[in-house]
Amino acid sequence: MTERISEPHWLPVGTREDVADAGAVRVPGPDGPIAVFDTPDGLFALGDTCTHGQASLCEGWVEDGTVECPAHLAVFSMRTGQVRSGPASASATTYRVEVRGDTVGVVIDGSEPARPDERPPNRG
């Protein structure tokens, strides 16, 4: 059983260059893997496992602020986690991304839901 984190925790993912070169990086999180995406609109992080099946969103297609599951083609907003098209019906978990120096990290906060309306830091 995974213990819930009660205070915000910063999970380092890699350097800006690592994430930019890969386009998407999968890292282990306390509640399952997390996918971190580097897009023209900024950095985004979602729970990596599609809510419809057991496919990795990190391996999906990224376009116009969305990621499409490679298995059954469900589409999720990277900003809010909301389903844009099925077959998934449950939203993906979103995480806040922070850049500290040259290191990209994900903020894990078990005491409250993710903040989908916060815009992640812009690339630059």
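The rules behind each value
- Residues numbered from 1 in each chain as written.
- Predicted model: local features only at pLDDT ≥ 70, side-chain atom pairs only at ≥ 80, totals over all residues.
- Heavy atoms only, no water.
- Salt bridge = Lys/Arg side-chain N within 4 Å of Asp/Glu carboxyl O.
- Helix = DSSP H or I, 4+ residues; strand = E, 2+ residues; numbered from the N terminus.
- Buried < 20%, exposed > 50% of the residue type's maximum accessible area, 1.4 Å probe, protein only.
- Pairing = 2+ DSSP bridges.
- Axes fitted to C-alpha atoms, helices over the stretch in contact; angles between N-to-C directions.
- Polar contact = N/O pair within 3.5 Å; in protein donor to acceptor, adjacent residues only side chain to side chain.
- Contact = heavy atoms within 4.5 Å.

Just to check I follow, could you spell out the pattern of salt bridges for this structure?
Side-chain pairs of opposite charge can arise where the charged atoms are in close proximity. For the structure shown, the criterion picks out 4 salt bridges. Between Asp 48 and Arg 26 there is a salt bridge whose closest N-O contact spans 3.3 Å. One end of the pair, Asp 48, is in the loop between strand E4 (42-47) and strand E5 (61-63); the other, Arg 26, is in strand E2 (residues 24-27), with 22 residues separating them in the sequence. Assessed through its relative accessible area of 2%, Asp 48 is described here as buried. Here Arg 26 falls in the partly exposed class, since its relative accessible area comes to 40%. A salt bridge links Glu 59 to Arg 26; its shortest N-O distance comes to 3.5 Å.

Looking at this structure, how should I read the sheet that holds strand E8 (residues 83-85)?
Within a sheet, adjacent strands bond to each other through the backbone by hydrogen bonds, running parallel or antiparallel. A sheet is described by the order of its strands in space; here 4 strands give the open sequence E5-E6-E7-E8, paired in antiparallel fashion. Where the open sheet ends on each side, the last strands, each with one partner, are E5 and E8. Neighbour to neighbour, the strand axes of the sheet diverge by 30 degrees on average, direction disregarded. As paired strands, E5 and strand E6 (residues 66-68) are joined by 3 bridges and run antiparallel to one another. Paired with Trp 61 across the bridge in E6 is Glu 68.

How do you make sense of the side chain of Ser 77 when you look at a structure like this?
One can find Ser 77 in strand E7 (residues 75-77). Polar contacts involving the side chain of Ser 77 include one to the main-chain amide nitrogen of Thr 80, which spans 3.2 Å. Setting aside anything within four residues of it in sequence, one finds Ser 77 in contact with Leu 46, Gly 65, Thr 66, Gln 82 and Arg 84.

So what exactly am I meant to see when it comes to the sheet that holds E2 here?
The strand order E1-E10-E9-E4-E3-E2 describes an open sheet built from 6 strands, whose pairing is antiparallel. The open sheet is flanked by strand E1 (9-15) and E2, the only strands paired with a single partner. Averaged over all pairs of adjacent strands, the angle between their axes in this sheet comes to 30 degrees, without regard to strand direction. Note that E2 and strand E3 (residues 34-39) share 4 bridges and pair antiparallel. Its bridge partner being in E3, Arg 26 is matched across the sheet by Ala 35.

Hey, could you run me through unusual backbone geometry in this one?
Phi is mostly negative for residues that are not glycine, and the peptide bonds are mostly trans. Even without a glycine there, the phi angle at Asp 64 is positive, about 50 degrees. Tracing the backbone shows Asp 64 in the loop between E5 and E6. For Asp 64, a relative accessible area of 72% puts it in the exposed group. One non-glycine residue with positive phi stands out, namely Leu 73, at about 70 degrees. Mapping Leu 73 onto the fold places it in the loop between E6 and E7. For Leu 73, a relative accessible area of 45% puts it in the partly exposed group.

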